[in-house]
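Structural characterization, general
So you can see what is in the structure, the chains are spelled out below.
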Amino acid sequence: MAYKKPVQKFTGKIREVTLGENLKLGGESVLPFYSFDGDTGHKPALGMEIWDVYPESWPATIVNELGDKARKPAEWAKYVEEKYSPDFICLRLVGANQDAGDKSPEECALVAKEVAEAVNLPLVIAGCDSNEKNGKIFTKVAEALPEKNIAFLSAVEGNYKEVGAAVGLAYGNIVVAESSVDLNLAKQLNILLMQLGVKPEKMLMNPGCSAVGYGFEYVVTTLDRIRLAALDQNDTTLQMPIIMPVSFETWKVKESVATEDDVPEWGNQEERGIAVEISTAVGVLVAGANAVILRHPRSLQVLREFINCLI
Amino acid sequence: MALTGMDIYKLLPKKNCKECGFPTCLAFAMKLAQGAVEAGKCPYMSDDAKARLSEATAPPMRTVKFGAGDKCYNLGGETVLFRHEKTFVNRPRFAVLFSDAMSEEEIQGKIARMNKVNYVRINEEMYVEIAALKCESGNKDTFLSLIKKVKDGCKKAVPMIITSDPEIARAAVEECKESGPILFGADEQNCEAMVELAKQHGLLLGVTAPDQEKLYNLVQKIQNLGYRELLLSTESGTLKQTFDDVVNIRRTALLSQDRTLGYPTLVFVNLLSKDKMMQLAMATLFVEKYASVIVLDDIDYSLALPLFALRQNIYTDPQRPMKVEQGLYKIGSADENSPLLVTVDFALTYFIVSGEVERSKIPSWMLIPDAGGYSVLTAWASGKLSGKSIAKAVKDFAVEEKLKTREIVIPGKVAVLKADIEDELPGWKVVVGPDEAALLPKFLRDYADKKVS
Ligand code: B12
Ligand code: SF4
């Protein structure tokens, strides 16, 4: 018998969504990196995280390298753009947390505006711990930066009406629909947002993320199932590109947090943190994420090379 | 092609003697068709029927073995492309590469690092299972001396002999055959001699060819030589092509139902990049999709922690949630005044938290209520972890009788439960612990100090 290479053709296709001026996500009609089956769409995008407050808990080399810029988000963003040129920048409004300054939505909007003016890269805005407050923050930020294709992380079941109406409808930005590691929940939230009037080309999804080792099998399986539903069953309510805030999860698990004094045999702490970030990011990209948010420049560099080798 | 229950029934002796454990031959045939029993359960089947059945009901991908004694591992045997379809069964094994062209120092350094990475995560012992031993010198004695060193140095690792020279391979097998080594690589030129050697010792044979098509032809040739204990690999020098190969070997077996490529695969990640973090990225890819042996240049905790954890996750059976039994658990020599902590019955959470409590060296109690087998926030969000479920556990496990303490430490992530628990448990005080278990040792030490003073 002669070898016949198998092919899997799907009828569905992931939507194209544009972040900022022209960072296109999605567009694939095959499983992630299956270039042997067909069109893999746009290259997965890599974003870098910055904060609106001093990143006390971050790895020493990053904090040292940033120096005073770590206190000025706009300068920080500009530095990241020039030095590392990621595909986008994610401004995370940690300062709006109750225990980190409790910034008002107006203050958040000011910071976001400064950052947006300092850089050319597309922006992603991530909120604080409180979904309720995020509704207010996102409304103000979107109002200050209308029609810029900025993605807002995230609209959840509890605040989607407010976030969807402000971000998606009134100010023409992009809504990220976040659900909890379940295909049906992801689908339901997408449908609710569309019923509200948000256009699917102004939507991304985050179906729930975790770090490798921490319930990550559920994350991978949810991604697998969502992608198969979108491609194989042509489920148009699940064809939005997926963005995952990998660094938000990986830098808080023990493998990244434990100091060398805590666990001497584990060796260099920063290297462990980078490794968990890289492995988690690859893990979700391979299962279906179209964009990931990273913290460490080394992770960015490795992920970029990895994607270039695979695409 | 798969046989139906009726097709199989026609092959059976039709005695209805029940010796197979089923009431009739037909019932047995139906079970066979589902792959739920083995054909061998019927003692009266003709050899011809047996052969036809085993061919038709054999799984699309063969399960092969390597190693010896308590270091014996299965590879392959996968039946699905996605874990939610059923489950992945035989986890990939990691290998570290040694070459006989390496300096003594380099060899000893690797041996030391292999031995250092050895720990337990959620009841599973983690270490590198394979020492990949490559003959680059072309010299038999040099190679044998490497094998000896690594064999003596890494007691846990099963050797994988890497050479294309059958003479050197034969001597190498002699040197370590008691540990059930993998023999790598049979190729177009040497396959007769390599198959004979593998056959003689019942070894798992690594097969290598330049591309998918040549591999396919080579496997046919080897199968015709009567050997089926195989591990496949291609010599594609790029990540992109190697990924293509590994995915399509798996799909040929499972989708095209062509068992010629129905064997597990091996990837030399170490040949695709020299950078450690790139090797990690690639190994992550191949743990998810779909390699069975992954060869790295080296190992340390920064690589092992994410890779072994990922592998453990991906190879968890989705139909069998990992739960621990509810109850009151004693950690260390806790007495009736020791701290009491509550967590959930999700195995992952329980083992992480109990590990940290042990590390703190503060003898403690852990109360595990019925939390549906979920993580802390999942259990809370689904209403399974509540004042009620915790109070119920306090009653069910007679905590008030066994302990004098009336304080209970709860996970920081569910601080909001404090008032609810105190309502349900009159006379008790709830103390909110840290968000992450990693902070528990410090927290417990401070907490115990405070209680004493
Ligand atoms: C895997 C997962 C699931 C799996 C469940 C797996 C399982 N057996 O638990 C599935 C897919 C089934 C699931 C379902 C749901 N999930 Co869920 N899930 C997750 C996910 C991705 C990881 C959870 C995990 O495994 N964590 C790892 C374990 C080890 O963490 P842990 O138990 O919290 O333990 C840590 C700490 O709490 C601490 N700790 C533990 N015990 C103790 C004790 C003491 C004393 C102390 C001090 C510390 C401590 O130590 C541990 C390590 O640091 C998280 C997101 C995330 N990144 O965390 C969402 C998440 C927990 N899920 C969530 C939700 C809402 C749900 C659902 C309710 C969704 C729904 N509406 O149906 C359902 C509930 C189930 C149901 N249908 O009834 C939300 C919770 C939101 C919230 N803040 O309340 C999360 C946070 C996702 C999100 N961002 O929306 N989920
Ligand atoms: S043992 Fe064989 S012959 Fe007897 S009932 Fe079972 S299938 Fe039929």
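Residues numbered from 1 in each chain as written. Chains lettered and ligands numbered in written order. Predicted model: local features only at pLDDT ≥ 70, side-chain atom pairs only at ≥ 80, totals over all residues. Heavy atoms only, no water.

Here we take up the sheet that holds strand β3 (residues 93-99) of chain B. Residue and element names in this part refer to chain B. Strand order in the open sheet made by the eight strands is β10-β9-β8-β7-β6-β3-β12-β11, with parallel pairing throughout. With one partner strand each, in any of the chains shown, β10 (230-234) and β11 (266-268) form the two edges of the open sheet. Strand-to-strand, the axes of this sheet are offset by a mean angle of 25°, without reference to chain direction. Two strands pair when backbone bridges link them, and strand β6 (residues 130-134) and strand β7 (residues 158-162) are joined in this way by five bridges, in the parallel orientation. (Pairing = 2+ DSSP bridges. Helix = DSSP H or I, 4+ residues; strand = E, 2+ residues; numbered from the N terminus. Axes fitted to C-alpha atoms, helices over the stretch in contact; angles between N-to-C directions.)

Facing the 49 residues of chain A at the interface are 49 residues of chain B. The contact between chain A and chain B buries some 4600 Å² in all, and 63% of this surface belongs to carbon and sulfur atoms. The interface formed by chain A and chain B contains five salt bridges. Between Asp 37 of chain A and Arg 251 of chain B there is a salt bridge, with its nearest N and O atoms 2.8 Å apart. On the surface where chain A and chain B come into contact, there are 18 residue pairs in polar contact (both at pLDDT 80 or more). Of all the secondary-structure elements, those providing two or more residues to the side of chain A that touches chain B are α7 (216-231), α9 (254-257), α10 (269-287) and α11 (297-310) of chain A. In terms of residue count, the dominant contributor to the side of chain A that touches chain B is α10 of chain A (11 residues). By residue class, the composition of the side of chain A that touches chain B is 28 nonpolar, seven polar and 14 charged. (Contact = heavy atoms within 4.5 Å. Buried area = accessible area lost by both parts, 1.4 Å probe. Salt bridge = Lys/Arg side-chain N within 4 Å of Asp/Glu carboxyl O. Polar contact = N/O pair within 3.5 Å; in protein donor to acceptor, adjacent residues only side chain to side chain. Nonpolar A, V, L, I, M, F, W, Y, C, P; charged D, E, K, R; others polar.)

Next up on the list: the site of ligand 1. Close to ligand 1 lie 37 residues, the nearest being Cys 209 of chain A together with Thr 343, Thr 349, Ser 375 and Glu 436 of chain B. Measuring from a nitrogen atom of ligand 1, one finds a backbone N or O atom of Cys 209 of chain A at 2.7 Å. The backbone of Ala 437 of chain B places a nitrogen or oxygen atom 3.0 Å from an oxygen atom of ligand 1. Among the elements of the structure, β14 (340-342), α13 (347-360), α14 (376-381) and β16 (407-410) of chain B are those that each provide at least two residues to the shell around ligand 1. Here the element with the most residues in the shell around ligand 1 is α14 of chain B; it accounts for five residues. For the shell around ligand 1, the residue count by class is 22 nonpolar, 10 polar and five charged. (Near = heavy atom within 4 Å.)

Turning to empty space enclosed by the protein, a few remarks are in order. Residue and element names in this part refer to chain A. Per the counting criterion, the structure on display carries seven cavities of 30 Å³ or more. Of the voids in this model, the largest cavity is the one considered here, and its volume is about 130 Å³. Class assignment for the residues of the lining of the largest cavity results in eight nonpolar, four polar and one charged. Volume-wise, the second largest cavity comes out at about 100 Å³. Around the second largest cavity, the lining comprises 13 residues; the ones closest to its centre are Met 48, Ile 62, Trp 76, Val 80 and Tyr 84. Listing elements by their share of the lining of the second largest cavity, those giving two or more residues are β3 (45-51), α1 (60-66) and α2 (73-84). With four residues, α2 is the largest single contributor of residues to the lining of the second largest cavity. Across the lining of the second largest cavity, the residue classes break down as 10 nonpolar, no polar and three charged. (1 Å grid on protein atoms, 1.4 Å probe; cavity = no way out; pocket = protein on both sides within 12 Å on 5 of 7 lines; lining within 4 Å. Points joined across faces, edges and corners; volume = space filled by probe spheres on them.)

Here the focus is the sheet that holds strand β7 (residues 174-178) of chain A. Sheet strands pair via backbone hydrogen bonds, and the direction of the pair is either parallel or antiparallel. Residue and element names in this part refer to chain A. Taken together, the eight strands give an open sheet; going across it, the order is β8-β7-β6-β5-β4-β3-β10-β9, and neighbouring strands pair in parallel fashion. Only two strands of the sheet have a single partner each, and these edge strands are β8 (203-206) and β9 (243-244). Sheet topology places strand β5 (residues 123-126) next to strand β6 (residues 151-155); three bridges connect them, and they run parallel. Paired with Ala 126 across the two strands is Leu 153, which belongs to β6. Helix α3 (residues 105-118) rests against β3, β4 (88-92) and β5 of the sheet, and its axis sits at about 160° to β5. Relative to the sheet, helix α4 (residues 131-144) contacts β5 and β6, its axis offset from that of β6 by approximately 160°.

All right, on to the pattern of salt bridges then. Tallied over the full model, the rule gives 45 salt bridges over all chains. Among the ionic pairs, Glu 143 of chain A bridges to Lys 140 of chain A, the shortest N-O distance being 3.7 Å. Taken together, the residues span about one helical turn, with Glu 143 of chain A and Lys 140 of chain A both in helix α4 at a distance of three residues. According to the relative accessible area criterion, Lys 140 of chain A is partly exposed, its value standing at 30%. A salt bridge links Lys 148 of chain B to Asp 152 of chain B, with the shortest nitrogen-to-oxygen separation between them at 3.9 Å. Remark: Asp 152 of chain B and Lys 148 of chain B occur in helix α5 (residues 140-153); sequence separation between them is four residues, near one turn of the helix. Taking relative accessible area as the criterion, Lys 148 of chain B reaches 42% and is therefore assigned partly exposed. Take Asp 152 of chain B: its relative accessible area is 43%, and that puts it in the partly exposed class. Each member of the salt-bridge network shares a partner with another, and the members are Arg 91, Arg 93, Glu 124, Glu 129 and Arg 311 of chain B. (Buried < 20%, exposed > 50% of the residue type's maximum accessible area, 1.4 Å probe, protein only.)

In the neighbourhood of ligand 2, the contacting residues comprise Pro 13, Lys 15, Asn 16, Cys 17, Lys 18, Glu 19, Cys 20, Cys 25, Phe 28, Cys 42 and Pro 43 of chain B. Taken together, the residues of the shell around ligand 2 sort by class into seven nonpolar, one polar and three charged.

Next up on the list: the packing of aromatic side chains. The geometry of an aromatic ring pair comes down to the distance between the two centres and the angle between the two planes. Considering all chains together, one arrives at 21 aromatic pairs over all chains under this definition. Note on Phe 33 of chain A and Phe 306 of chain A: the rings are 6.3 Å apart at their centroids and 80° apart in plane angle, and the pair reads as edge-to-face. In this pair, Phe 33 of chain A sits in the loop between β2 (23-26) and β3 while Phe 306 of chain A sits in helix α11, placing the two residues 273 residues apart along the sequence. Of the two residues examined, Phe 33 of chain A and Phe 306 of chain A, each falls in the buried class. With 5.3 Å between their ring centres and 75° between their planes, Trp 58 of chain A and Trp 76 of chain A make a pair best called edge-to-face. On the criterion of sequence distance, the pair formed by Trp 58 of chain A in the loop between β3 and α1 and Trp 76 of chain A in helix α2 is long-range, its members being 18 residues apart. Trp 76 of chain A shares its class with Trp 58 of chain A; the two are buried. Counting every residue linked through ring pairs, the aromatic cluster contains Trp 266 of chain A together with Phe 94, Tyr 119, Tyr 301 and Phe 308 of chain B. One residue, Arg 92 of chain A, lies across the ring of Phe 248 of chain A, its end atom 3.8 Å from the ring centre. (Phe/Tyr/Trp six-rings, centres within 6.5 Å; stacked < 30°, edge-to-face > 60°. Lys NZ or Arg CZ within 6 Å of the ring centre and 35° of its normal.)

This paragraph deals with the confidence of the model for chain B. One rule of thumb: low pLDDT means the predicted coordinates there are not for detailed reading. In the predicted model, chain B carries a mean pLDDT of 94, and the fraction of residues at 70 or more is 99%. Overall fold confidence for the complex sits at a pTM of 0.94, while the interface term, ipTM, reaches 0.96. (pLDDT = per-residue confidence, 0-100.)

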